[in-house]
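Listed below, chain by chain, are the residues.
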Amino acid sequence: MEGVDHLAHERNKSEFDVDAMKIVWAGSPHAFDVSDRISKLVASDPGFRKDNRSTLSRKELFKNTLRKAAYAWKTIVDLRLSEEEAAKLRFYVDEPAFTDLHWGMFIPAIKGQGTEEQQQKWLPLAYKMQIIGCYAQTELGHGSNVQGLETTATFDSQTDEFIIHSPTLTSSKWWPGGLGKVATHAIAYARLIVGGREHGVHGFIVQLRSLEDHSPLLGITVGDIGMKFGNGAYNTMDNGVLQFDHVLDVYSIAFASIAVMLWVSQVTCEGKYKQSDVPRQLVYGTMVYVRQTIVADASCALSRAVCIATRYSAVRRQFGSQNGGPETQVIDYKTQQSRLFPLLASAYAFRFIGEWLKWLYADVTQRLQANDFSTLPEAHACTAGLKSLTTTATADGIEECRKLCGGHGYLCSSGLPELFAVYVPACTYEGDNTVLLLQVARFLMKTVSQLGSRLSSKKPVGTIAYMTRVEHLMQCRCGVQRGFAELSADLVEAAVAHCQLIVVSKFIEKLQQEIPGKGVKQQLEVLCNIYALFLLHKHQGDFLSTGCITPKHAALANDELRSLYSQVRPNAIALVDAFNYTDHYLGSILGCYDGNVYPKLYEAAWKDPLNESVVPDGYHLYIRPLLKQEIRTARL
Ligand SMILES: CCCCC/C=C\C/C=C\C/C=C\CCC(=O)SCCNC(=O)CCNC(=O)[C@H](O)C(C)(C)COP(=O)(O)OP(=O)(O)OC[C@H]1O[C@@H](n2cnc3c(N)ncnc32)[C@H](O)[C@@H]1OP(=O)(O)O
Ligand SMILES: Cc1cc2nc3c(=O)[nH]c(=O)nc-3n(C[C@H](O)[C@H](O)[C@H](O)COP(=O)(O)OP(=O)(O)OC[C@H]3O[C@@H](n4cnc5c(N)ncnc54)[C@H](O)[C@@H]3O)c2cc1C
């Protein structure tokens, strides 16, 4: 029945202050206020409806996305929302669109790599959306290997301009989000050539389309690369293809510096290339920035799937009826708990590692401005490794949540298939996860060679086993005289172990902070122990081989896990309520707040276009002749 909370009995079991946990999840009372207000604003506005996406054609879907993006911008302007509120609104609109890359990469690239002059020229236009940008780095032939990019930018000292060109088919820009049909400008990465000499890959701001009639400019060929995985999903985004034919790009300016003129690589009017001695990888700065935002995104996506699966697991009953009484809630099965609760713990773990990574990125950015590159390698390794670890775990976790919901998890109305389809490219974009782990492995090899076996001492006591595991995995690999390439598959395992050590240690450090609210810290301690012991159980071969745990320890850890699951069980619904997601944002009948699943599933079924007629189109043409044997049947 509408209005009845079918999960009230679960919510009454909670042993902690849910409102206080909501603040912990949001990060601060202010952050909670903004999230709560904006999520309700979006949920209550029919202009942001999203429950019909799976029934639209690609063109209808895309036009609807443009409508929503324009409507969101009008809402932001009319309500005079702050940058923080506007970002939250785009988040809760929950539709991959060109705005993601305009705000998520194009603007950060100009802020992070543009000179003061370039920022003054381009940022006001971008903030007012008088230009729409994309980040055009990947090409048809190269994505991971940035140094393999083929697009050229040749400086013409006669005209004081750059000529941007796609010399080969494989140099076509391919994948940039927003590029296909919307972006008017791109930050295009190209090989800088000055005076016949090549100076590696640099970023250029290039105008692609007329600001008058949106037609591609002379020398620009641009379009969409076609349908992607899943039906609605990421097909709201116009990932594009772009070719330059000797574009005399009067607007392009070679990105001349990182942060505040820290790294000045200039091309003078006389055609001289000047670069000071800062790491050339600073040109990758935008990717490092985005990778740390992707870690925070992982906690959002995983928590969303876990919220759906947890609420449905409490609603769903199957088997176990005693004397005609109610069947057993599937959330009470130990197998369901052993699959679901580690994902619940991971969602919280990724939330806190995302907070720490945001601090690490801000710290390294501040150091760069002071010409201090000392923590850049660690920042790169951490952002790369944690992006890889959290997105892989989240993509796998969303699929596990779909399976935890049985058959109904496969319905679009569960919200899980689309969430999976939208999320999984995160394992590829912003750096293929294996390629990024190889960067971490390279960092570990260098660290081991510099520090000897002790990779790092500054870790909480509870992580000794985790630290020993990483050192053991590295020693086993570094000890043998074989090349990096030969050992790369093993080194990637050590890289994963290193990242897991970071997540566990930062979760433990989080618990050392002052955390207000009745029972809140205790619940987080349970989740931290679940995260740490679940991984120890999953990788117990590594831990046993280090000798720092014995088979008896491994068995005790497993017993402790079961006990921890029992401690979470009465609090599970409250722990997912703490994410404070609206039903609109969840987009899931199985995960609806009131747990009134069956009537909503049944009602939703009849809204499918196929049910607009009781006799389907095609019956008279194809089925009736079949049934009436009017088609000559093959001789049996
Ligand atoms: C739900 C809807 C979406 C939500 C949207 C929200 C926001 C939008 C954001 C994301 C989603 C949408 C789109 C994604 C956009 C993209 O995908 S943009 C393109 C991303 N592409 C990549 O990530 C490419 C990956 N490849 C690389 O980063 C590099 O090629 C490499 C693998 C790092 C290798 O680089 P290379 O220059 O060859 O260096 P090498 O391996 O030789 O290393 C040399 C030294 O440099 C150090 N180093 C490498 N990278 C960095 C770095 N970034 N920072 C600092 N240092 C770096 C490396 O460690 C080596 O150091 P040594 O001391 O010499 O060992
Ligand atoms: C949805 C989506 C949105 C995107 N948006 C953008 C965007 O806005 N802008 C942009 O510039 N790009 C974008 N991209 C492109 C994305 O950044 C690249 O696809 C990504 O960096 C991976 O590169 P690749 O496609 O070349 O993969 P490849 O590197 O070709 O990967 C193929 C396989 O090769 C393996 N491999 C590659 N190199 C090595 C190695 N050295 N050692 C071991 N294994 C290796 C990989 O692990 C993988 O298994 C997007 C991609 C997607 C899917």
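Residues numbered from 1 in each chain as written. Chains lettered and ligands numbered in written order. Predicted model: local features only at pLDDT ≥ 70, side-chain atom pairs only at ≥ 80, totals over all residues. Heavy atoms only, no water.

1. Details of the overall build of the protein
For the protein, the helix and strand inventory stands at 21 helices and 11 strands. The globule rule puts the C-alpha radius of gyration for 636 residues at 26 Å, and the 27 Å found for the protein is close to it. Along the first, second and third principal axes, the C-alpha set of the protein runs to 90 × 75 × 65 Å. Considering the protein as a whole, with its 636 residues, one finds that 52% of them fall into the buried category. Counted over contacts in the protein with a minimum sequence separation of 6, partners at least 24 positions apart contribute 73%. Only carbon and sulfur atoms are counted for the fraction: they give 57% of the accessible area of the protein, which is about 29,100 Å². Where the 64 positive side-chain charges of the protein centre and where its 65 negative ones centre are 3 Å apart. (Helix = DSSP H or I, 4+ residues; strand = E, 2+ residues; numbered from the N terminus. Rg over C-alpha atoms; globule rule 2.2 N^0.38 Å. Buried < 20%, exposed > 50% of the residue type's maximum accessible area, 1.4 Å probe, protein only. Contact = heavy atoms within 4.5 Å. Areas by Shrake-Rupley, 256 points an atom, 1.4 Å probe, with all protein chains shown as cover. Lys, Arg positive; Asp, Glu negative; His and termini not counted. Charge placed at Lys NZ, Arg CZ, Asp CG, Glu CD.)

2. Considerations on unusual backbone geometry
Positive phi is not limited to glycine here, since arginine 80 has a value of about 50°. As for its position among the elements, arginine 80 is in the loop between α4 (58-78) and α5 (83-93). Located in the positive-phi region is glutamate 430, a residue other than glycine, with phi close to 60°. Within the secondary structure, glutamate 430 is located in the loop between α11 (416-423) and α12 (433-451). In this structure glutamate 430 comes out as buried when scored by relative accessible area, which is 12%.

3. Some remarks on the site of ligand 1
Close to ligand 1 lie 29 residues; Ser144, Tyr284, Glu430, Arg442 and Lys446 are nearest. The separation between an oxygen atom of ligand 1 and a polar side-chain atom of arginine 291 is 2.9 Å. Residue arginine 442 places a side-chain N or O atom 2.8 Å away from an oxygen atom belonging to ligand 1. Where the shell around ligand 1 is concerned, the elements lending two or more residues are α6 (98-113), α8 (285-315), α10 (376-404) and α12. When the residues that make up the shell around ligand 1 are grouped by side-chain class, the tally is 14 nonpolar, nine polar and six charged. (Near = heavy atom within 4 Å. Polar contact = N/O pair within 3.5 Å; in protein donor to acceptor, adjacent residues only side chain to side chain. Nonpolar A, V, L, I, M, F, W, Y, C, P; charged D, E, K, R; others polar.)

Worth remembering: the numbers are spatial, not functional.
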